[in-house]
Amino acid sequence: ALGDSYTAMGASYFSAFAEKHGLVCDNRGLASSTIAGSADGVTVGYHPFWVRLDAAISEYASGYTINGTTYHAEDVKLITFMGGANDWYTVDEAQGIDRLGTPDSEDKEQLYGACKYIFATMLSSFPNADIVVILQPSNLARILPHWKKESIVREMADVYGIHKCDCCFDWYSPANPNDLATYWASDELHMTAAGNTAIFDNLEKLVNNLPFERS
């Protein structure tokens, strides 16, 4: 489970979901983490997803132990990706640099480039895994900027043929007062228990309908 605070704070939900499906969860959620960013983790963004993905791949290559059992890349059966809330949505005003890029970008400090790298690397590194991009719920303060970023995430998931679990566009909205009170916490950013349950209800429907192609 690769993500930011939504994934970290939803750890119990990810673990319960994994157990239900006969899996063991490796939660790689990190608060404030960005999808895009610099290799040093702090110059641009904050411990970006792609850097942490590379670290995970290295760990699984040599054997990664969870609860006394060692796993390798071929043992990974499901990967979830959810993020974008912490990324820039236009130009980095402090540095005057475009942080979104274009579909042709190879720059992992840009959202397009980082998504391209992450999705391609997941597909090549975990050959037995289904990959699901959870389109992250929006938040009240930055609905339109968040939609802009998630549109890029969705676009690149489509480019790489990755399954999408929509919890952003065709979902509840923080602009709706009833939805906000029910599914969003008091910070109007993170999820309540009902919000997390709604995410995993969506994920459950998607995973249960994935094509089964491996023995």
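The preceding data block contains the structure.
Predicted model, so just to flag it, every value in this text is computed and none were measured.

### So, the overall build of the protein chain
(1) Moving on: Helix and strand counts for the protein chain stand at seven helices and nine strands.
(2) Moving on: Relative to a compact globule of 215 residues, whose C-alpha radius of gyration would be 17 Å, the protein chain shows 17 Å and is just as compact.
(3) Moving on: Each principal axis of the C-alpha atoms in the protein chain carries an extent, and together these give about 45 × 40 × 30 Å.
(4) Moving on: For the protein chain, buried positions account for 46% of its 215 residues.
(5) Moving on: For the protein chain, the exposed surface amounts to about 10,200 Å²; the carbon and sulfur share of it is 51%.
(6) Moving on: The average position of the 14 basic charges and that of the 28 acidic charges among the side chains of the protein chain differ by 2 Å.

### Side note on the sheet that holds strand E8 (residues 130–135)
(1) Moving on: On the basis of which strands lie adjacent, the open sheet formed by five strands has the order E2-E1-E5-E8-E9 and parallel pairing. On the outer flanks of this sheet lie strand E2 (28–29) and strand E9 (163–166), each paired with one strand and no other.
(2) Moving on: Of the strand pairs in this sheet, E8 and E9 are connected by four bridges, and their pairing is parallel. Following the sheet pairing, Val132 is matched in E9 by His163.
(3) Moving on: Each of strand E1 (2–3), strand E5 (78–82) and E8 is contacted by helix H4 (residues 111–125), which is oriented at about 175° to E5, the strand it contacts most.

### Concerning the packing of aromatic side chains
(1) Moving on: One pass over the full model with this rule turns up 13 aromatic pairs.
(2) Moving on: Ring plane angle 45° and centroid distance 5.1 Å describe the contact between Tyr60 and Tyr64, whose orientation is recorded as tilted.
(3) Moving on: The exposure class assigned to Tyr60 is buried, which follows from its relative accessible area of 9%.
(4) Moving on: With a relative accessible area of 24%, Tyr64 lands in the partly exposed category.
(5) Moving on: Counting every residue linked through ring pairs, the aromatic cluster contains Tyr13, Phe14, Phe17 and Phe200.

### Some thoughts on unusual backbone geometry
(1) Moving on: A positive phi angle, close to 75°, is found at Ser32, a residue other than glycine.
(2) Moving on: A relative accessible area of 42% means that Ser32 is categorised as partly exposed.
(3) Moving on: A positive phi is found at Glu188, a non-glycine position, where the angle reads about 60°.
(4) Moving on: Mapped onto the elements, Glu188 comes out in the loop between helix H6 (177–183) and helix H7 (193–208).
(5) Moving on: Given a relative accessible area of 34%, Glu188 falls into the partly exposed group.

### Some remarks on the environment of Pro174
(1) Moving on: Along the chain, Pro174 turns up in the loop between E9 and H6.
(2) Moving on: For the pair Pro174 and Phe14, spaced 160 residues apart in sequence, the C-alpha separation works out to 23 Å.
(3) Moving on: Beyond its immediate chain neighbours, meaning those up to four positions away, Pro174 contacts Ser138, Asn139, Leu140, Ile143, Leu180 and Trp184.

Rules used throughout
- Here, residues in each chain are numbered from 1, in the same order as that chain's written sequence.
- Owing to the predicted nature of the model, reporting of local features is limited to residues with pLDDT of at least 70; listing and counting of side-chain atom pairs is limited to 80 or more, with chain, interface and lining totals taken over all residues.
- Just so you know, side-chain values use all the structure's heavy atoms and leave hydrogens and water out.
- Each helix is a run of H or I in the DSSP string that is no shorter than four residues. Each strand is a run of E no shorter than two, and both are numbered from the N terminus.
- It is over C-alpha atoms that the radius of gyration is taken, and the globule rule equals 2.2 Å times the number of residues to the power 0.38.
- Exposed residues in this analysis have more than 50% of their type's maximum accessible area, buried residues have under 20%, and partly exposed residues fall in between, with area computed by a 1.4 Å probe over protein chains only.
- Note on areas: these come from Shrake-Rupley sampling with a 1.4 Å probe, and a residue is covered only by the protein chains present in the view.
- When charges are counted, neither His nor the chain ends are considered; positive counts come from Lys and Arg and negative counts from Asp and Glu.
- In plain terms, the charge of a residue is placed at NZ if it is Lys, CZ if Arg, CG if Asp and CD if Glu.
- For two strands to count as paired, DSSP must find a minimum of two bridges between them.
- Throughout, a residue-residue contact means that at least one pair of heavy atoms, one from each residue, lies within 4.5 Å.
- Orientation is described by axes fitted as lines to C-alpha atoms, over the contacting stretch for helices, and by angles from 0 to 180 degrees between their N-to-C directions.
- Working definition: rings of Phe, Tyr and Trp (its six-membered ring) pair if their centres are within 6.5 Å, and the pair is stacked with planes under 30 degrees apart, edge-to-face with planes over 60 apart, and tilted otherwise.

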